[in-house]
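Structural overview
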Amino acid sequence: MPELPEVETTRRGVAPHLVGRRVSAVAVREGRLRWPVPPDLDPCLRGQRLEAVERRAKYLLFRFPAGTLLVHLGMSGSLRVVPAGSPPGPHDHVDLAFGERVLRLRDPRRFGSLHWVTGDVAAYPLLARLGPEPLAEGFTPEHLHARARDRRVSAKALLMDGRVVVGVGNIYANESLFRAGIRPTRRSDRLTRADCERLTAAVKAVLTEAIACGGTTLRDFVREDGQPGYFRIALEAYGRGGEPCPRCGTAMRAVRVGQRATVYCPHCQR
DNA sequence: AAATTCTCCTGAAGGC
DNA sequence: TGCCTTCAGGAGAATT
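A few points on the structure. Keep in mind that this is a model prediction, so the values were computed, not measured. (Residues numbered from 1 in each chain as written. Chains lettered and ligands numbered in written order. Predicted model: local features only at pLDDT ≥ 70, side-chain atom pairs only at ≥ 80, totals over all residues. Heavy atoms only, no water.)

1. A closer look at the sheet that holds strand 3 (residues 59–64)
Put simply, the rule is: A strand pair is defined by DSSP finding two or more bridges across the two strands. The helix count covers DSSP runs of H or I at least four residues long, the strand count covers runs of E at least two residues long, and both are numbered beginning at the N terminus. Helix axes use the C-alpha atoms of the stretch in contact, all axes being lines fitted to C-alpha atoms, and the angles between their N-to-C directions lie in the range 0 to 180 degrees. Two residues qualify as a contact provided that any one of their heavy atoms is within 4.5 Å of a heavy atom in the partner residue.
Taken together, four strands build an open sheet; the order of strands is 2-3-4-8 and the sheet is antiparallel. The two strands at the open ends of the sheet, each matched to only one other strand, are strand 2 (52–56) and strand 8 (113–117). Each neighbouring strand pair of the sheet contributes to a mean axis angle of 25°, computed without reference to strand direction. Relative to strand 4 (residues 67–72), strand 3 is paired through six bridges, and the arrangement is antiparallel. Bridged to R63 within strand 4 is T68. In the packing of helix 1 (residues 4–18) onto the sheet, the strands contacted are strand 2 and strand 3, and the crossing angle to strand 2 comes to about 175°.

What follows is the structure in structure tokens.
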């Protein structure tokens, strides 16, 4: 569920409270996440001063002098800053204590992961082959068209392929394709240059709006109770199978594309 | 080699 | 009311 906007909102939410502080202790209550949490996190991080919190795709990068802690939230993960001594809940798996403030990872489904990377983070296998950031200048219609024309996957699978562009998950792939008027099942090699222009523009617009929307939830990251209450932009396609299309009124169609819930308007999206 | 399917996990929702 | 089944999904791994 955390898509790129939620991850970016998380970054902005936690960074101001932690950057410049030193790790006083690391507590791992449940290390069985998607990959085992490195068993030596505490000695790696203890005493290290957090220099910055960055983001690459849906990974958060906690930069320390000795290395980088990568955090992926999977689909149910969340990070909050809580006061030292706050009792952990059932799915609060990892704490990074910075003195009086604690960065707490909660992840009921445990699809998230932590990685300690020394040296060049960009060369880390999970990051090395990733495509451009959707909101960066490298994500252009030319780039998308070049990656689309020699493949035969669905337009939706193309958008969700991290080698093509990162950070576009199922929800925003649906929304972007709706805005661009492109059917999710359209083969990528049938996307015209004009289609790719509309699609890149739609992706950038949807994600930009969603991030702006997340700004209203920033204060939630230091609450002691409850999950961060992400506000989400009004979704026009995702989850609206059977409902009338917001543009033309035709019944939206729900199908599965690549094992993922997919909704589109058969009239507006070709 | 590219494309598709599988896999991890648990809360929520639906059925009876 | 409550138990059981089904589903959702990020993205790397496995399979076709």
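2. With respect to the protein's contact with DNA strand C
What counts here: Nearness here has a simple test: a residue counts as near a molecule or strand if at least one of its heavy atoms is within 4 Å of that partner. Here a polar contact is taken to be a pair of N or O atoms separated by no more than 3.5 Å, where protein atoms must pair a possible hydrogen donor with a possible acceptor and residues adjacent in sequence count only if both atoms sit in side chains. Gly is placed with the polar residues, together with every amino acid not listed as nonpolar (Ala, Val, Leu, Ile, Met, Phe, Trp, Tyr, Cys and Pro) or charged (Asp, Glu, Lys and Arg).
Taken together, the neighbourhood of DNA strand C is formed by 16 residues, with H72, M75, Y238, R256 and R260 sitting nearest. For DNA strand C, the backbone portion of the atoms within 4 Å of the protein, that is sugar and phosphate, comes to 53%. In the model, a sugar or linking oxygen of DNA strand C is placed 3.0 Å from a nitrogen or oxygen of the R34 side chain. Contacts to DNA strand C include R256, whose side-chain N or O atom sits 2.8 Å from a phosphate oxygen. When grouped by side-chain class, the residues that make up the surface near DNA strand C number seven nonpolar, three polar and six charged.

3. Quick look at the protein's contact with DNA strand B
Around DNA strand B, the neighbouring residues are H91, P108, R109, R110, F111, R151, R152 and V153. For DNA strand B, the fraction of protein-proximal atoms (within 4 Å) that sit in sugar or phosphate groups is 54%. One nitrogen or oxygen atom from the side chain of H91 is found 2.7 Å from a phosphate oxygen belonging to DNA strand B. Within the side chain of R110, one N or O atom sits 3.0 Å away from a phosphate oxygen of DNA strand B. For the surface near DNA strand B, the class distribution of residues is three nonpolar, one polar and four charged.

So, to be careful, I would describe these as geometric facts and stop short of saying anything about function.
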